[in-house]
Amino acid sequence: MIQNKFNILKGLTMVCIVIATFFLPLKTSLSNIGLIGLVVTTLLSFGLNGFRKNGKLGFFLLFSPMVFFLPLLWGWIYSSLKVDAFHELSKYVFLGLTPLFLFRKDIQAGTFRKYASYGLLAGSFLSGLILLIINFYNFSQTSYPPNWLLNHTFTSFNFLKPLSGMHPIYMGMYFALALSILFFTPIKLPKILKVLAFVIFSLSIVFLASRIIYGILVLLVLLYLIHNLSFKTFAVLLTGILVLGVLGFSTLQKTYLYQKTVNGTLWELQENVGTYNTNQSMRVDSRWSRWQVAIDLIKEKPILGYGGGIENEVLLKEYQRRDMKSSVENEYNAHNQFLGFWLRFGVVGSLLMLVYFFRNAITAFRYQNLLFLSFLTILFWSLMVENVLDRNMGINFVALFGTLFYAEFLAKESKDLADETTS
């Protein structure tokens, strides 16, 4: 009877993991349900099985997703907006609760990875397929020339319209990690299905028109090619890609994607307040300008910051003072999670994030875990241009996969220690 309860609990946990990861690229609210189920089943597991001692507590706090939750605890104490700080704390709670999975006795890290990987792959495949079919159908109903498919009408937020509320950078993160799973895990799928999934994920990323995701995609493909091909084959393939790029440059140059990726990026990385970017009908402010505002505010309170829930408040006041109308109207945050954390929680908050990436990157290299390294790459560069953790689309992603990869590290470290003891 007791054994049946254990099996039912494990089965429910696996279902929750699949729901949480499958719906990440489809519907965040349904992903939340899976994540809540994962937390509840974990707490029930502690009641039935007890806790497993899993590494040092300090390491758990610093190198699991818990590190992104901790600053909110002290940021709430001295925040002048206690209600907003508490709301922020409650929104981030999955980052504090999901890592408790690491102390479960009944489920191994490899099992978590298996179900989470299949869940994300299936969800990303389905969402990408739906989006591409709708996009190509909509294009087929027009008389536009072929290169118009890469213009604003069929890319970015317009591409994502069928999935209400989804944002290009979050969807790009999901597709990029799904590609990494295809690249760097021995996942059991027919070869034809792997090729089809690669095409769907890559094409979907193209239509997302997210510049940072383009860069991440290039890094992931290069990592895969370097890891799997001989130098000669890699050189030939790279030469072929460059030749195709040169031949198609004149056509590509006329598209919205080119203008946004090249000219738009240069504009974003310069001081631009109330000027035109890719949209000639709207004056906007560049990311560089907003970053500069955040940095100037940080200089005033570099140690403790302004407190939780207050980032937008202080930024909007400064935007108004500098006559940054677009940033005020859109209520923009810092669009850089490192600056956002420093602004709210001081230098320690931002340093904790850097320590997380530095230490885990060393771990990934040590164990040659290219999937973990891919996750860190995707997350780091996304955080550089967006406050990814301020929305559940980002929180769920980090809570689930950050816990997963840290669990695998602990399992590997425990095995190494056992091998050293027996030898």
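The shown structure was predicted, so the numbers you read here are calculated from the model rather than taken from an experiment. (Residues numbered from 1 in each chain as written. Predicted model: local features only at pLDDT ≥ 70, side-chain atom pairs only at ≥ 80, totals over all residues. Heavy atoms only, no water.)

Draft legend 1. Layout of the overall build of the protein. Helices and strands together make up the secondary structure of the protein, namely 20 helices and two strands. Expected size for 423 residues packed as a compact globule is a radius of gyration near 22 Å; at 23 Å, the protein falls within 12% of this value. With the C-alpha coordinates of the protein rotated into their principal frame, the extents come out at 65 × 55 × 40 Å. Taken over 423 residues, the protein has a buried fraction of 49%. In the protein, 74% of the contacts between residues at least 6 apart in sequence involve partners at least 24 apart. Split by element, the accessible area of the protein, about 20,200 Å² in all, is 68% carbon and sulfur. Taking the average location of the 35 positive side-chain charges in the protein and that of its 21 negative ones, the two points are 10 Å from each other. (Helix = DSSP H or I, 4+ residues; strand = E, 2+ residues; numbered from the N terminus. Rg over C-alpha atoms; globule rule 2.2 N^0.38 Å. Buried < 20%, exposed > 50% of the residue type's maximum accessible area, 1.4 Å probe, protein only. Contact = heavy atoms within 4.5 Å. Areas by Shrake-Rupley, 256 points an atom, 1.4 Å probe, with all protein chains shown as cover. Lys, Arg positive; Asp, Glu negative; His and termini not counted. Charge placed at Lys NZ, Arg CZ, Asp CG, Glu CD.)

Draft legend 2. Representation of the packing of aromatic side chains within the structure. Scanning the model with the defined rule gives 28 aromatic pairs in all. Ring geometry for Phe 139 against Phe 154: centres 5.4 Å apart, planes inclined by 85°, an arrangement best described as edge-to-face. Residue Phe 139 is located in helix H7 (residues 109-140), and its partner Phe 154 is located in the loop between H7 and helix H8 (156-159); the two are separated by 15 residues in the primary sequence. For Phe 139, a relative accessible area of 16% translates into the label buried. The exposure class assigned to Phe 154 is buried, which follows from its relative accessible area of 4%. Seen from their ring centres, Phe 380 and Trp 381 are 5.2 Å apart, and the 90° between their planes marks the pair as edge-to-face. (Phe/Tyr/Trp six-rings, centres within 6.5 Å; stacked < 30°, edge-to-face > 60°.)

Draft legend 3. Seen up close, helix H19 (residues 370-385). With 16 residues, H19 should reach 22 Å at 1.5 Å per residue; the first-to-last C-alpha distance of 23 Å fits that figure. Most of H19 is tucked away: 12 of the 16 residues are buried. Where H19 is concerned, the buried positions are Leu 370, Leu 371, Phe 372, Leu 373, Ser 374, Phe 375, Leu 376, Ile 378, Leu 379, Ser 382, Leu 383 and Val 385. Capping of H19 at its N-terminal end is provided by Asn 369; its side-chain oxygen lies 3.3 Å from the backbone amide nitrogen of Leu 371. (Expected span 1.5 Å × (residues − 1). Polar contact = N/O pair within 3.5 Å; in protein donor to acceptor, adjacent residues only side chain to side chain.)

Draft legend 4. Quick peek at the nonpolar core. Counting 104 residues, the largest nonpolar core has Phe 375, Phe 397 and Phe 401 as its most contacted members. It is helix H9 (residues 168-184) that provides the largest number of residues to this core, a total of 14 residues. Apart from residues lying up to four places away in sequence, Phe 397 is in contact with Leu 24, Met 173, Tyr 174, Leu 177, Phe 375, Ile 378 and Gly 402. Counting residues in hydrophobic clusters, the runner-up holds 15 residues, among them Trp 291, Ile 310, Val 314 and Leu 315. (Core = buried A, V, L, I, M, F, W, Y, C linked by side-chain atoms within 4.5 Å.)

Draft legend 5. Fine view of helix H15 (residues 287-300). For H15, which comprises 14 residues, the first-to-last C-alpha distance of 20 Å matches the rise-based estimate of 20 Å (1.5 Å per residue) to within 8%. Arg 287, Ser 289, Arg 290, Trp 291, Val 293, Ala 294, Leu 297 and Ile 298 are the residues of H15 that are buried. Contacts from the buried residues of H15 go to helix H11 (211-228), helix H14 (256-268), helix H16 (311-321), helix H17 (325-329), helix H18 (337-366) and H19.

Draft legend 6. Layout of the pattern of salt bridges. Taken as a whole, this structure holds 12 salt bridges when the rule is applied. Residue Arg 344 is joined to Glu 311 by a salt bridge in which the shortest nitrogen-to-oxygen separation is 3.0 Å. Separated by 33 residues along the polypeptide, Arg 344 in helix H18 and Glu 311 in helix H16 bring together distant segments of the chain. For the pair formed by Arg 344 and Glu 311, the shared burial category is buried. In this structure, the salt-bridge partner of Arg 322 is Glu 318, at a minimum N-O distance of 2.8 Å. A relative accessible area of 27% places Arg 322 in the partly exposed class. Salt bridges linked by common partners bring Asp 296, Lys 299, Glu 318, Arg 321 and Arg 322 together as one network. (Salt bridge = Lys/Arg side-chain N within 4 Å of Asp/Glu carboxyl O.)

Draft legend 7. Summary view of the confidence of the model for the protein. Confidence along the protein averages 89 in pLDDT terms, with 96% of residues attaining 70 or more. Here helix H13 (residues 249-252) stands out as the element of the protein with the lowest mean pLDDT, 73, in contrast to H9, whose mean of 96 is the highest. (pLDDT = per-residue confidence, 0-100.)

Draft legend 8. Highlighting the packing of H18 against H19. Two numbers describe how H18 lies on H19: the axes approach to 10 Å, and their chain directions differ by 160°. Classified by the angle between their axes, H18 and H19 sit roughly antiparallel to one another. At the point where H18 passes H19, the crossing takes the left-handed sense. Facing H18, whose interface residues are Gln 337, Phe 338, Met 353, Tyr 356, Phe 357, Asn 360, Ala 361, Thr 363, Ala 364 and Phe 365, H19 presents Phe 372, Leu 373, Phe 375, Leu 376, Leu 379, Phe 380, Leu 383 and Met 384. (Axes fitted to C-alpha atoms, helices over the stretch in contact; angles between N-to-C directions. Parallel < 35°, antiparallel > 145°, perpendicular 65-115°, else oblique. Left-handed = near helix turned anticlockwise from the far one by under 90°.)

Draft legend 9. Spotlight on the UniProt feature "domain: O-antigen ligase-related" (unreviewed entry) in the protein. Within the UniProt annotation, "domain: O-antigen ligase-related" (unreviewed entry) is assigned to residues 196-353. Taken as a whole, residues 196-353 contains 71% helix and 3% strand, while its terminal C-alpha atoms sit 36 Å from one another. (UniProt positions renumbered as here; feature names shortened; annotations may be inferred.)

Draft legend 10. Inspection of the side chain of Ser 327 at higher detail. For Ser 327, the location among the structural elements is in helix H17. Every residue in contact with Ser 327, bar those within four places of it in the chain, is listed here: Asp 285, Arg 290, Leu 316, Tyr 319 and Tyr 332.

Draft legend 11. Main features of the packing of helix H4 (residues 66-77) against H18. At a minimum axis separation of 9 Å, H4 and H18 run at an interaxial angle of 155°. Considering the angle they form, H4 stands roughly antiparallel to H18. Relative to H18, H4 is oriented so that their crossing is right-handed. Of the residues in H18, those touching H4 at Val 67, Phe 68, Pro 71, Leu 72, Trp 74 and Gly 75 are Phe 341, Phe 345, Val 348, Gly 349, Leu 352, Met 353 and Tyr 356. Residue composition of the contact of H4 with H18, grouped by class: 11 nonpolar, two polar and no charged. (Nonpolar A, V, L, I, M, F, W, Y, C, P; charged D, E, K, R; others polar.)

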